[in-house]
Amino acid sequence: MKKRFGFALSLMLATGMLLSACGGQGGDNAGGKDTFSVAMVTDVGGIDDKSFNQSAWEGLQKFGKDNGMKKGRGGYDYLQSSSDADYATNLNKLVRSDFDVIYGIGYLMGDAVKEVAEQNPKKHFAIVDTVVDEPNVASITFKEHEGSFLVGVVAGLTTKTNKIGFIGGMEIPLIEKFESGFRAGVKAVNPNAKVEVQYAGAFDQADKGKAIASSMYASGIDVIYHAAGGTGNGVFSEAKDLKKKDPNREIWVIGVDKDQAPEGVVKVDGKTYNVTLTSMVKRVDVAVYDVAKRSKEGDFPGGKTLEYGLPENGVGIAPTQDNIKPEVLKAVDEWKQKIIKGEVKVPMTRKEYKQFEASLK
Amino acid sequence: MKLSELKKFFVSASSAFVVPVLAVLLGMIVGAVVMIASGYNPLAGYSSLLYGAFGDPYYIGETIRQTTPYILAGLAVAFAFRTGLFNIGVEGQLIVGWLAAVWVGVSFELPKAIHLPLAILAAALAGALWAFIPGILKAYLRVHEVIITIMMNYIALHMTNAIIRSVLSEEGFKSKQVHESASLRSEFLESITYHSSVHYGIIIAIIGAVIMWFLLEKTTKGFELRAVGFNQHASQYAGMNVKANIILSMAISGAFAGIAGAMEGLGTFGNISVKAGFTGVGFDGIAVALIGGNNAFGILLSALLFGALKVGALEMPSSAGVPTELVDIIIALIIFFVASSYVIRLLLSRLKKGAE
């Protein structure tokens, strides 16, 4: 028996050594650094979230293709996080693989980017959706409230029941920007319309989005704007289900982050409908591409906060506008010019929204 | 007599080692088949897994960091299990423990010798309280602890989210960082592991394992708790207070879970942020306990296995090109085989007993 134990032990050690030997070779590939390379860490959404992670990855892919880079080390790559404990580990992994610019995608990754950036002052980082105050971090933020204002104008002028819904992912300051801007847009063009606000508490739970949308549509709401990432997919599926039951009912979803027109397509009795009214696009891809391009040219915007708003086309209304009436589009354009000229200051928080509401009266 | 006892010890020791090792190998073989079938190189896959877990000091640090809460969560589940209770609420107890530790960590400024133990104690108490409720319901009203603890998980998740938003921050989504005096982080440990987030929590987790072993195996109270687990009626007949023991056992289990939360709050993150869902550590703790045979030292090893798989898996997409989804399948396969080895072993021992 003793012998068998010893044999098992040596077997275990031998396998361990064999595998770690291979592991060593695997790790050596990290070296060899003469080309420019970029990589990003996604949050738990992953690169197929039909939202900002996907958009960021599209930006990197485009940058990679435009510059003849290959996916993987020494080119362009991404790592997906499966929990918030993975953020710092994944960022560090990319640091150790010697990428030139490393992106943290998403608000939730702020702390991790700050910590890793402090530990690696010679490396370049970028963070999307929040500000990290370090000399080697470029912060990419968007004026989501301005884009949301425009889709608020669309919602306010399209609704027939004067009841509009907003579904947020998590109740965090970032989503409050969407909410406040949207409510201001609705209020500005349709003071009689009521906006009901609900938060799902998560960005990746489509079932919750569907349940909230179901109760909203049942209460007479006819336009819902979601800022809830994957949770928002449930809003689309609820709207499509209702459309299948009654194709004549006018219900709409306003998408977020990307042009979500493809999500709203539904076929009823051979006829094709689309429940997507429009989308508030946030060009994470453009911003990610920009920062990569600037660093490649030796102009990395470290320590700076880059704000992408309406003038930079960083936010705005999606190119798919088939379901919007021409006069509504005209109104959207007028408001857009007003915001760009600074005649209208779009609220970013609930507090500012209250002031905005008071100023309308 | 002596010799046969010695022999018995080695038989059990070898089977305790051989079975899990074989199970891991079996899981890896099936995982390899999956990788080959999907067009990836399993040798590259596994070597990157191993490299990502133990390849250099940084990865070792991360693996230890990940192992720490797994040990304590595993101990929590195992402690309840050994006393005949199924504590599915480790996740919730962990979350309230995390909250309590951070709360104490940000609200006071005290010397480290007082502050750190106080924060950990607060976490243990919070976890114990969270398990005390299902314990008391089980003992006096015979409400099944599985249902109550599952529900308590949701209460914990949403309650802590509300507190983080309203009390620990001003409508924000995370608390401040805990004061240095309550932190488990150490510059020394970080410097020898190339800035990994490993912290002193591992020592607390190992002490926890020793405490559990000592409590259950070496004290009268531990014997009582186990006796209640084996047979409530016999224990009652023998003059033990069954109800008090059920409550005590749940509370101790909850305390372990709470400390697991403190490891995240005072070590890994140093704060607490609003959670969209469960951390999963508490649920993984069930598997850790099961694979560790509900034995304190077995749990140390199975937690290490879980920690290594979890951290190592992050390396597979980047250096072997195996997609994240496939990695999840492979890790699940390994755990599946390890867990079923426990079943096989159980069956074997039953068969042996039957033959005798």
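Not measured: the values here are computed from a predicted model.

### Regarding the overall build of chain B
- Looking only at helices and strands, one finds 15 helices and zero strands in chain B.
- Relative to the compact-globule value of 21 Å for 356 residues, chain B shows a C-alpha radius of gyration of 21 Å, a close match.
- Dimensions along the principal axes, computed over C-alpha positions, put chain B at roughly 65 × 60 × 35 Å.
- Residue burial in chain B is summarised as follows: out of 356 residues, 53% are buried.
- Summarising the internal contacts of chain B: among those between residues at least 6 apart in sequence, 78% fall at separations of at least 24.
- For chain B, the computed accessible surface area is about 15,700 Å², with 71% contributed by carbon and sulfur atoms.
- Distance between charge centroids for chain B: 13 Å, based on 22 positive and 19 negative side chains.

### Things to note about the environment of A:V344
All names here are of chain A.
- Within the secondary structure layout, V344 lies in the loop between α10 (326-341) and α11 (350-360).
- Sequence separation between V344 and V189 is 155 residues; the distance between their C-alpha atoms is 13 Å.
- Among residues more than four places away in sequence, those in contact with V344 are F149, W335, K338, I339 and F356.

### Re the domain arrangement of chain A
All names here are of chain A.
- Under the domain assignment used here, chain A contains domain 1 (38-142 + 285-308) and domain 2 (144-282 + 325-360).
- Each of domain 1 and domain 2 has a C-alpha centre, and these two points are 29 Å apart.
- Listed as interface residues are ten residues of domain 1 and, on the opposing side, 13 residues of domain 2.
- Buried surface at the junction of domain 1 and domain 2, both sides included, amounts to about 1,200 Å², of which 55% is carbon and sulfur.
- When residues of domain 1 are sorted by the area they lose upon contact with domain 2, K50, Y107 and F142 head the list and together hold 50% of the total.
- At the boundary of domain 1 and domain 2, one finds two salt bridges.

### Quick word on the packing of aromatic side chains
- Scanning all chains against the criterion turns up 22 aromatic pairs over all chains.
- Considering the side-chain rings of A:F166 and A:F182, the 6.2 Å spacing of their centres and the 35° angle between planes classify their relative orientation as tilted. Here A:F182 lies in helix α6 (residues 173-189) and A:F166 lies in strand β6 (residues 163-168), a separation of 16 residues in the sequence.
- Accessibility expressed as a relative area gives 0% for A:F182, which makes it buried.
- A centroid spacing of 6.1 Å and a plane angle of 50° characterise the contact between B:F79 and B:F256, whose relative ring orientation is tilted. Placement of B:F79 in helix α3 (residues 57-82) and of B:F256 in helix α11 (residues 242-268) is noted, with a sequence separation of 177 residues between them.
- B:F256 sits in the buried class, given a relative accessible area of 8%.
- Chaining the aromatic ring pairs together yields one cluster made of A:F166, A:F182, A:Y199 and A:Y225.
- Taking the ring centre of A:Y289 as reference, the NZ or CZ of A:K62 above it sits at 4.6 Å.

### Re the side chain of B:S197
Residues and elements named next belong to chain B.
- Along the chain, S197 falls in the loop between α7 (187-192) and α8 (201-218).
- For S197, a relative accessible area of 7% translates into the label buried.
- Among the polar contacts listed, one links the side chain of S197 to the side chain of R65, at a separation of 3.3 Å.
- Ignoring any residue separated from it by four or fewer positions in sequence, one finds S197 in contact with E62, R65 and R185.

### Focus: the sheet that holds strand β9 (residues 252-257) of chain A
All names here are of chain A.
- Ordered in space as β7-β6-β8-β9-β12-β14, the six strands form an open sheet in which the pairing is mixed. At either margin of the open sheet sits one strand with a lone partner, and together these are β7 (194-199) and β14 (315-317). Strand-to-strand twist across the sheet, computed as the mean angle between neighbouring axes with direction ignored, equals 15°.
- Bridging between strand β8 (residues 223-227) and β9 involves three bridges; their strand directions are parallel. Paired with Y225 across the two strands is I254, which belongs to β9.

### Regarding the environment of A:K240
- Looking at the element boundaries, A:K240 is found in helix α8 (residues 232-245).
- With near-sequence residues (within four places) excluded, A:K240 lies in contact with A:E263, A:G264, A:V265, A:V266 and A:V275.

### Thoughts on the UniProt feature "domain: ABC transporter substrate-binding protein PnrA-like" (unreviewed entry) in chain A
- Taken from the UniProt record, the annotation "domain: ABC transporter substrate-binding protein PnrA-like" (unreviewed entry) applies to residues 37-348 of chain A.
- Secondary structure content for residues 37-348 of chain A is 40% helix and 23% strand, and the end C-alpha separation is 35 Å.

### What to know about the pairing of strand β4 (residues 124-128) of chain A
Residue and element names in this part refer to chain A.
- Here β4 lies mainly inside the structure; four of its five residues are buried.
- Here five bridges tie strand β3 (residues 101-105) to β4, and the two strands are oriented parallel to one another. Bridging across to β4, I105 finds its partner in V128.
- For the segment spanning β3, helix α4 (residues 110-119) and β4, crossover handedness is right-handed.
- Pairing analysis gives four bridges linking β4 to strand β5 (residues 137-142), with the strands arranged parallel. Its bridge partner lying in β5, F125 is registered against V137.

### Digging into the UniProt feature "transmembrane region" (unreviewed entry) in chain B
- The UniProt entry lists residues 9-37, 94-111, 118-140, 146-168, 198-216, 246-269, 281-309 and 329-348 of chain B under the feature "transmembrane region" (unreviewed entry), expressed in the numbering used here.
- This span, residues 246-269 of chain B, is 96% helix and 0% strand, and a straight line between its end C-alpha atoms measures 33 Å.

### Some points on the pattern of salt bridges
Residues and elements named next belong to chain A.
- Evaluation of the coordinates by the stated rule reveals 31 salt bridges over all chains.
- With a shortest N-O distance of 2.9 Å, D98 and K123 are connected by a salt bridge. Linking D98 in the loop between α3 (86-96) and β3 with K123 in the loop between α4 and β4, this pair joins segments that are 25 residues apart in sequence.
- Residue class for K123 comes out buried when judged on its relative accessible area of 15%.
- The residue E238 makes a salt bridge to K210 at a minimum N-O spacing of 3.1 Å.

### What about the confidence of the model for chain B?
- Of all residues in chain B, 93% attain a pLDDT of 70 or more, and the chain-wide mean is 89.
- Taken element by element, chain B is modelled with least confidence in helix α1 (residues 2-37) of chain B, mean pLDDT 75, and with most confidence in helix α4 (residues 90-107) of chain B, mean pLDDT 97.

### Details of a nonpolar patch on the surface
- Side chains of B:L129, B:F132, B:I133, B:I136, B:Y140 and B:L141 sit close together on the surface and give an oily, nonpolar patch of about 560 Å² of accessible area.
- You can see B:L141 is positioned in helix α5 (residues 112-141).

### Let's talk about the packing of α6(A) against α11(A)
Residue and element names in this part refer to chain A.
- One way to put it is that α6 packs onto α11 with a least axis distance of 9 Å and a crossing angle of 10°. Our classification of the angle between α6 and α11 gives roughly parallel. Residue-level inspection shows E176, E179, S180, R183, A184, K187 and A188 of α6 in contact with α11, the latter providing R350, Y353, F356, E357 and L360.
- Among the residues forming the contact of α6 with α11, the class breakdown is five nonpolar, one polar and six charged.

### Concerning unusual backbone geometry
Residues and elements named next belong to chain B.
- Even without glycine at this site, R142 takes up a positive phi of about 60°.
- When you line up the elements, R142 lands in the loop between α5 and α6 (145-166).
- The phi dihedral of N294 is positive, around 55°, even though this residue is not glycine.
- Among the secondary structure elements, N294 is positioned in the loop between α12 (281-291) and α13 (296-313).

So, how was this worked out
Residues numbered from 1 in each chain as written. Chains lettered and ligands numbered in written order. Predicted model: local features only at pLDDT ≥ 70, side-chain atom pairs only at ≥ 80, totals over all residues. Heavy atoms only, no water. Helix = DSSP H or I, 4+ residues; strand = E, 2+ residues; numbered from the N terminus. Rg over C-alpha atoms; globule rule 2.2 N^0.38 Å. Buried < 20%, exposed > 50% of the residue type's maximum accessible area, 1.4 Å probe, protein only. Contact = heavy atoms within 4.5 Å. Areas by Shrake-Rupley, 256 points an atom, 1.4 Å probe, with all protein chains shown as cover. Lys, Arg positive; Asp, Glu negative; His and termini not counted. Charge placed at Lys NZ, Arg CZ, Asp CG, Glu CD. Domains from an automatic or database assignment. Buried area = accessible area lost by both parts, 1.4 Å probe. Salt bridge = Lys/Arg side-chain N within 4 Å of Asp/Glu carboxyl O. Phe/Tyr/Trp six-rings, centres within 6.5 Å; stacked < 30°, edge-to-face > 60°. Lys NZ or Arg CZ within 6 Å of the ring centre and 35° of its normal. Polar contact = N/O pair within 3.5 Å; in protein donor to acceptor, adjacent residues only side chain to side chain. Pairing = 2+ DSSP bridges. Axes fitted to C-alpha atoms, helices over the stretch in contact; angles between N-to-C directions. UniProt positions renumbered as here; feature names shortened; annotations may be inferred. Right-handed = clockwise from strand over helix to strand, strands pointing away. pLDDT = per-residue confidence, 0-100. Patch = residues over 30% accessible without salt bridge, like charges linked within 9 Å, V, L, I, M, F, W, Y side chains within 5 Å. Parallel < 35°, antiparallel > 145°, perpendicular 65-115°, else oblique. Nonpolar A, V, L, I, M, F, W, Y, C, P; charged D, E, K, R; others polar.

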